[in-house]
Amino acid sequence: MTKKLSKIKEKKYHFNVLYEGSIDAIVFLNKKEVLDCNQATLKLFGFSRKKDFLKLHPLDLSPKKQPNGKLSRTEANKKIEEAFKKGENKFEWVHFNKKGKEFFAEVLLTAFTFENKKFLQASVRDISKTKKSLEQLQTRLTAIDAAADMIVITDIDGFIEYANPAFTKTTGYSFKEAIGKSTNLLRSDRQNKDFYKNLWQTVLSKKVWAGKMVNRRKDGSFYPEEMTVTPVISPEGDIVRFVAIKRDITEKVQAEQELSREMRKSLELEKQLAQSQKMESIGTLAGGVAHDFNNQLTAIIGYSELILDELEQDDTKRQEIEGIIKAAQRSAALTRQLLAFSRKEMIHPTNLNLNKLIVNLDKMLKRLIHEDIEFKFIPSKNLGDVFIDPAQAENILANLVVNATQAISGKGKILIETKNTVLEQSQVIGYENVASGEYVMLSVSDTGCGMTSKIMEQIFEPFFTTKEKEKGTGLGLSTCFGIVQQNKGYIHPYSEPEKGTIIKVYLPRIKTNKKQTASQNKKPKNLKGNETILVVEDEVAVRDVAIKNLIKQGYRILEASNGIEALKILNEQNKSIDLIFTDMVMPDMGGIELSKKVKKLYPNIKILFASGYSDQALNEESDFKKKAAFIQKPYSSNNVISKIREELDRQDKAVS
């Protein structure tokens, strides 16, 4: 009996040593409650007293849901049932400690029976660090697998231990075919023995080797590659393996081989460069000429209108003066063409008829299409107007026609159509900023290669393209999509492989008042005023005309030849000045700089800009972009007086 008790005590001692000495948390429980735990359990879960822990159930130290999205209670019951059924169950689980900090645990449930009752022993081990290390390792392996360059790891004798997918793609050897093989399977014998001898001597001396060579693919074809071989050194200082990073440079070599041909074309390139520089110079010159010419035209039109106002209606000289004004206006149209050649404009939506736009662009559109393609335009009668920046509309047309052209190989047809239409509510559901109602439809169709439904789903995505390399950026249709959306429109493509493509653009139709349009050049009424206007203009004739016209309307006028003079006048008479009418480009201080200073000192003074350039300067000044009032030179007296009256009457127009 004594021996038996002694053995029991000995077993109990050994059990306690193993139980309390375990680095893993060990918990004894039945289906309802925790019965006991070791010290490692208290340490893992952050408890100092066992009785506090025994009051809880493991589910009390589990989040509501596990990482797989399932409820912890449901999953726990399932794991326990499996353990009782199979004898044990091993799985990963997320717990949190007493302070609420979550950690990943590896849990082993072992079922046993004692005195005809079922119990579980749960061994819990914190694997958060291990899991994080594995995730980091997996991330690195994924990055290596995704690398565009070939990555090969060999043992110290050059036998392949690892090769990434880029290796398979370039060489044609599968992973299984390459593993365990010598790197000699790529050897082409295009390099002599001394080449390989130097390579091995370098890496065996624990140095990095870098160079170029020609290797052989599985199919026997040759390819040039750049390669860097790096020895991997153990902590003891021994070489344990080599890592080679290799890149197929076929395209680079071909480019170098074509260099001689490119050199033969150098003369042509020089001519092209000279032409490009010439066009840039012409653009700069055109902008400057247009600016100066617009100043002169402003004076010519202004003085002519002053004379015309003094003549009786039956005076025979009226016809000559009106002829001068018309000639100046035709000249102004020429300067607008020069500005279009040299400027970058702000977006300026206006009432636009797409039929007229397409007719005006006919020559430009035909230049985008090669000779084998038949081009046809079918305009709709009585087509409504749309409200859009003409440059944006031209951009849509050009992109759609270019896309249609590139879809046609050989002979084919491109058809442009316009039509008034109505979009029902059912047609615009799900399209942001698109309302049902009246629209103008523009369609561009081609007889090209067409597209699959899968491609159709992606055509408006930026940078998505089915074109060959260097033949497309993938921005054309996405640009069209953005412009159409910006103008609250709708774009719809339809295509089938080998049956061509049709893209329809719907832009909101607007109602226009033709009588108002026809009479817009008539002199407006009620333009007189008694406010004080400061005219800032460096061109004497232009300033003189503006002053005379404004005085005739009853305004009190102050004048300055540049921004510096204007500021001096403002400092003396700021309380009595209601509006500054200023040129944008002047010596010493221009209109933009003047405006910034005025708005800091006298924020209530309104400002109207004028320039012989386009409003590019405003476009480059984001602070003025949305609120600035602007009039383009040359302007008529009626236009400038009307604009000034409009600004004086507008309560919220001051630029801030």
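Residues numbered from 1 in each chain as written. Predicted model: local features only at pLDDT ≥ 70, side-chain atom pairs only at ≥ 80, totals over all residues. Heavy atoms only, no water.

Undergrad: Explain the side chain of Thr 41 to me, please; I cannot follow it from the model alone.
TA: Along the polypeptide, Thr 41 turns up in helix α2 (residues 39-45). On the basis of relative accessibility, which here comes to 0%, the residue Thr 41 falls in the buried class. Apart from residues lying up to four places away in sequence, Thr 41 is in contact with Ala 25, Ile 26, Val 27 and Phe 53. (Helix = DSSP H or I, 4+ residues; strand = E, 2+ residues; numbered from the N terminus. Buried < 20%, exposed > 50% of the residue type's maximum accessible area, 1.4 Å probe, protein only. Contact = heavy atoms within 4.5 Å.)

Undergrad: Explain helix α25 (residues 637-649) here, please?
TA: In this model α25 runs 18 Å from its N-terminal to its C-terminal C-alpha over 13 residues, within 8% of the 18 Å that 1.5 Å per residue would give. Burial in α25 covers these residues: Ser 637, Asn 638, Val 640, Ile 641, Lys 643, Ile 644, Arg 645, Glu 647 and Leu 648. (Expected span 1.5 Å × (residues − 1).)

Undergrad: Sorry, what's going on with the sheet that holds strand β21 (residues 606-611) here?
TA: Adjacent strands of a sheet pair through backbone hydrogen bonds, lying either parallel or antiparallel. One open sheet holds the 5 strands; their spatial order is β19-β18-β20-β21-β22, and the pairing between them is parallel. Here the strands that pair on one side only, and so sit at the sheet edges, are β19 (556-560) and β22 (629-632). Between one strand and the next, the sheet's axes are offset by a mean angle of 20°, whatever the strand orientation. Running at roughly 135° to β19, helix α21 (residues 563-573) makes contact with β18 (532-536), β19 and β20 (579-583) of the sheet. Helix-sheet contacts for helix α22 (residues 591-601) involve β18, β20 and β21, and the interaxial angle to β21 is about 175°. (Pairing = 2+ DSSP bridges. Axes fitted to C-alpha atoms, helices over the stretch in contact; angles between N-to-C directions.)

Undergrad: Mind showing me how you'd approach the environment of Tyr 490 here?
TA: Mapping Tyr 490 onto the fold places it in strand β16 (residues 490-495). With relative accessibility at 10%, the residue Tyr 490 sits in the buried group. Along the primary structure Tyr 490 and Tyr 506 are separated by 16 residues, whereas in three dimensions their C-alpha atoms are 5.0 Å apart.

Undergrad: I tried to follow the side chain of Asn 487 on my own but got confused; where do I start?
TA: You can see Asn 487 is positioned in the loop between α18 (476-486) and β16. Overall, Asn 487 belongs to the buried group, its relative accessible area being 13%. Among the polar contacts made by the side chain of Asn 487, one reaches the side chain of Gln 392 at a distance of 3.3 Å. If we ignore the near neighbours within four places in the chain, the residues touching Asn 487 are Phe 387, Ile 388, Gln 392, Leu 507 and Pro 508. (Polar contact = N/O pair within 3.5 Å; in protein donor to acceptor, adjacent residues only side chain to side chain.)

Undergrad: Help me understand the packing of helix α15 (residues 390-407) against α18, please; the structure alone is not making it clear to me.
TA: The description of two helices packed together rests on the angle between their axes and the distance between the axes. At a minimum axis distance of 9 Å, the contact between α15 and α18 shows a crossing angle of 145°. Note on packing geometry: the crossing formed by α15 with α18 is left-handed. Side by side, α15 and α18 meet where Gln 392, Asn 395, Ile 396, Asn 399, Leu 400 and Asn 403 of the first sit next to Gly 476, Leu 477, Thr 479, Cys 480, Ile 483, Val 484 and Gln 486 of the second. Its residues placed into classes, the contact of α15 with α18 shows 6 nonpolar, 7 polar and no charged. (Left-handed = near helix turned anticlockwise from the far one by under 90°. Nonpolar A, V, L, I, M, F, W, Y, C, P; charged D, E, K, R; others polar.)

Undergrad: Sorry if this is basic, but what is going on with a nonpolar patch on the surface here?
TA: Together, Leu 134, Leu 137 and Leu 141 line one region of the surface with nonpolar side chains, adding up to about 260 Å² of accessible area. Topologically, Leu 137 is positioned in helix α5 (residues 128-146). The partly exposed category is assigned to Leu 137, whose relative accessible area is 43%. (Patch = residues over 30% accessible without salt bridge, like charges linked within 9 Å, V, L, I, M, F, W, Y side chains within 5 Å. Areas by Shrake-Rupley, 256 points an atom, 1.4 Å probe, with all protein chains shown as cover. Salt bridge = Lys/Arg side-chain N within 4 Å of Asp/Glu carboxyl O.)

Undergrad: Help me understand the packing of α21 against α22, please; the structure alone is not making it clear to me.
TA: The N-to-C vectors of α21 and α22 enclose an angle of 20°; their axes lie 9 Å apart at closest approach. With respect to their mutual orientation, α21 and α22 come out roughly parallel. By crossing handedness, the relation of α21 to α22 is classed as right-handed. Two secondary-structure elements touch here, α21 through Gly 563, Ala 566, Leu 567 and Leu 570 and α22 through Leu 594, Lys 597 and Val 598. In the contact of α21 with α22, the residues fall into 5 nonpolar, 1 polar and 1 charged. (Parallel < 35°, antiparallel > 145°, perpendicular 65-115°, else oblique.)

Undergrad: I'm lost on helix α8 (residues 193-204) in this one. Help?
TA: Since there are 3.6 residues in each turn of an α-helix, residues three or four apart along the chain are aligned in direction. An ideal rise of 1.5 Å per residue puts 16 Å on 12 residues; α8 measures up with 17 Å between its terminal C-alpha atoms. Where α8 is buried, its residues meet β8 (209-216), β9 (222-233) and β10 (239-248). Between the side-chain oxygen at the start of α8 and the backbone nitrogen of Asp 194 there is a gap of 3.2 Å, and the oxygen is on Asn 192. Where α8 terminates, the next one or two residues include Lys 206, which has phi positive at roughly 65°.

Undergrad: Please clarify how the environment of Lys 413 should be interpreted in this entry.
TA: Note that Lys 413 resides in strand β14 (residues 412-423). When the C-alpha atoms of Lys 413 and Thr 447 are compared, they prove to be 5.6 Å apart, with 34 residues separating the residues in sequence.

Undergrad: I'm lost on unusual backbone geometry in this one. Help?
TA: Even without being glycine, Lys 488 reaches a positive phi, approximately 60°. Tracing the backbone shows Lys 488 in the loop between α18 and β16. Accessibility expressed as a relative area gives 54% for Lys 488, which makes it exposed. Even without a glycine there, the phi angle at Asp 588 is positive, about 70°. In this fold, Asp 588 is placed in the loop between β20 and α22. According to the relative accessible area criterion, Asp 588 is exposed, its value standing at 64%.

Undergrad: How should the pattern of salt bridges be read in this particular structure?
TA: Pairing between side chains of opposite charge can happen when their charged atoms approach one another. Counted by the stated rule, this structure contains 21 salt bridges. Among the ionic contacts, a cluster of salt bridges with common partners joins Lys 643, Glu 646, Glu 647 and Arg 650.

Undergrad: I tried to follow the nonpolar core on my own but got confused; where do I start?
TA: Taken as a class, soluble globular proteins show a tendency for nonpolar side chains to be buried jointly. Leu 354, Ile 396 and Ile 416 are the most contacted members of the largest nonpolar core, which totals 36 residues. Of all elements in the fold, only α13 (354-360), β12 (373-378), β13 (385-388), α15, β14, β15 (437-446), α18 and β17 (501-510) reach the threshold of two or more residues within this core. Residue contributions to this core peak at 6 residues, all from α15. Those residues within four positions of Ile 416 in sequence are excluded, and the remaining contacts are Ile 358, Leu 365, Phe 375, Lys 376, Phe 377, Ile 378, Leu 397, Val 401, Leu 442, Ser 443 and Val 444. (Core = buried A, V, L, I, M, F, W, Y, C linked by side-chain atoms within 4.5 Å.)

Undergrad: Honestly, the packing of aromatic side chains in this entry has me stumped. Any pointers?
TA: How two aromatic rings sit relative to each other is set out by the distance from centre to centre and by the angle between their planes. In this structure the tally under the stated criterion is 12 aromatic pairs. Aromatic pair Tyr 19 and Phe 28: ring centres 5.6 Å apart, planes at 45°, arrangement tilted. An identical accessibility class is assigned to Tyr 19 and Phe 28; each is buried. Geometrically, the ring pair formed by Tyr 490 and Tyr 506 is stacked, given 5.4 Å between the ring centres and 25° between the ring planes. Highlighted residues: Tyr 490 in strand β16 and Tyr 506 in strand β17, separated in sequence by 16 residues. An aromatic cluster of at least three residues, connected via ring pairs, comprises Tyr 19, Phe 28, Phe 112 and Phe 119. The aromatic ring of Phe 104 is capped on one face by Lys 131, whose charged end is 5.0 Å from the ring centroid. Against the face of Tyr 196 rests Arg 187, its NZ or CZ located 3.7 Å from the ring centre. (Phe/Tyr/Trp six-rings, centres within 6.5 Å; stacked < 30°, edge-to-face > 60°. Lys NZ or Arg CZ within 6 Å of the ring centre and 35° of its normal.)

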